[in-house]
Amino acid sequence: MRVVCPGSFDPITLGHLDIFTRAAANWEEVVVLVTYNPNKNGLFTAEERVELIEKSIAAIPNGPKNITVDTWDKLLVDYLNENNIQAMVKGLRSSLDYEYELPMAQMNQRLSGAETYFLLTSPEYGYVSSTLCKEVAKYGGDVSGLLPEPVVAAVEEKFRG
């Protein structure tokens, strides 16, 4: 079965990468879907995010070969229907994530019949978010160990430039 891991991934974190690789161990194909969220201010364009995700996945030693990356700027259920995908995988860091994700999962299930599978974030990434990483980097803090190496350099470049 093919599954989608949707999100803005601006930027991708090691927590995201952990969810992708764990999903890839359990499903035939994982599509990391870069989506547009009008409620978030983007640091990277969708094209830059795709490139950073692809570089990050390629940098995993003996990494999974069943992860692809795509973009979408419409309703998620339309992507699922157009690509014959019946399930999504989302990572949960805390009960706050669950409260945010639950109504979306229920709406997506109602609109498309798609199931949402939740994977609990590995403890070492439970506090890591794209927003916090951008904030730390903006003020010159070290984000290595929070973001994949290709992303660390790109984030630092954005805030220097």
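Here the structure is a predicted model, which means the values were calculated and not measured.

What counts as what
- Residues numbered from 1 in each chain as written.
- Predicted model: local features only at pLDDT ≥ 70, side-chain atom pairs only at ≥ 80, totals over all residues.
- Heavy atoms only, no water.
- Helix = DSSP H or I, 4+ residues; strand = E, 2+ residues; numbered from the N terminus.
- Expected span 1.5 Å × (residues − 1).
- Buried < 20%, exposed > 50% of the residue type's maximum accessible area, 1.4 Å probe, protein only.
- Arc of directions from axis to C-beta.
- Contact = heavy atoms within 4.5 Å.
- UniProt positions renumbered as here; feature names shortened; annotations may be inferred.
- Core = buried A, V, L, I, M, F, W, Y, C linked by side-chain atoms within 4.5 Å.
- Salt bridge = Lys/Arg side-chain N within 4 Å of Asp/Glu carboxyl O.

J.: Could you clarify how one ought to interpret helix α6 (residues 149-160) in this entry?
T.: Owing to its 3.6 residues per turn, the α-helix brings residues three or four apart onto one side. The end-to-end C-alpha distance of α6 is 17 Å, a good match for the 16 Å that 12 residues give at a rise of 1.5 Å each. For α6, every residue scored as buried is listed here: Val 151, Val 152, Ala 154 and Val 155.

J.: Sorry if this is basic, but what is going on with helix α5 (residues 130-138) here?
T.: Looking at α5, one finds that the buried residues are Ser 130, Cys 133, Lys 134 and Ala 137. Down the axis of α5, the buried side of the element spans an arc of 100°, and every buried residue falls inside it. Here the buried face of α5 lies against α1 (14-24) and α6.

J.: Got a minute to help me understand the UniProt feature "binding site: substrate" (unreviewed entry) in the protein chain in this structure?
T.: Here, UniProt's "binding site: substrate" (unreviewed entry) annotation points to Ser 8, Lys 40, Leu 76 and Lys 90. Tracing the backbone shows Leu 76 in helix α3 (residues 76-82). Contact partners of Leu 76, with chain neighbours within four places excluded, come to Val 4, Pro 6, Leu 33, Met 88 and Asn 108.

J.: Where do I start with the nonpolar core in this structure?
T.: Note on soluble globular proteins: their nonpolar side chains tend to be buried together. Formed by 36 residues in total, the largest nonpolar core has its most connected members in Phe 20, Val 30, Val 32, Ile 53 and Val 89. Breaking this core down by element, the ones donating at least two residues are β1 (2-7), α1, β2 (29-35), α2 (46-58), β3 (67-72), β4 (87-92), α5 and α6. For this core, the element with the highest residue contribution is α1, accounting for 6 residues. The contacts of Val 30, once residues within four sequence positions are left out, are Val 3, Cys 5, Phe 20, Ala 23, Ala 24, Asn 66, Ile 67 and Thr 68. In terms of nonpolar packing, the next biggest core, distinct from the first, is built from 10 residues, Val 4, Leu 33, Tyr 79 and Leu 80 among them.

J.: How should the pattern of salt bridges be read in this particular structure?
T.: If the charged atoms of two oppositely charged side chains come close together, the side chains can form a pair. If you walk through the whole model with that rule in mind, you get 8 salt bridges. Ionic pairing is found between Glu 29 and Arg 2, a salt bridge with its closest N-O pair at 2.9 Å. Residue Glu 29 is located in strand β2, and its partner Arg 2 is located in strand β1; the two are separated by 27 residues in the primary sequence. Of the residues examined, Glu 29 reaches a relative accessible area of 23% and is grouped as partly exposed. Across the salt bridge formed by Arg 22 and Asp 18, the nearest N and O atoms sit 3.0 Å from each other. Of this pair, Arg 22 and Asp 18 both sit in helix α1, separated by 4 residues, roughly a single helical turn. The exposure class of Arg 22 is partly exposed, given its relative accessible area of 27%. One salt-bridge network, held together by shared partners, links Asp 10, Arg 49 and Lys 134.

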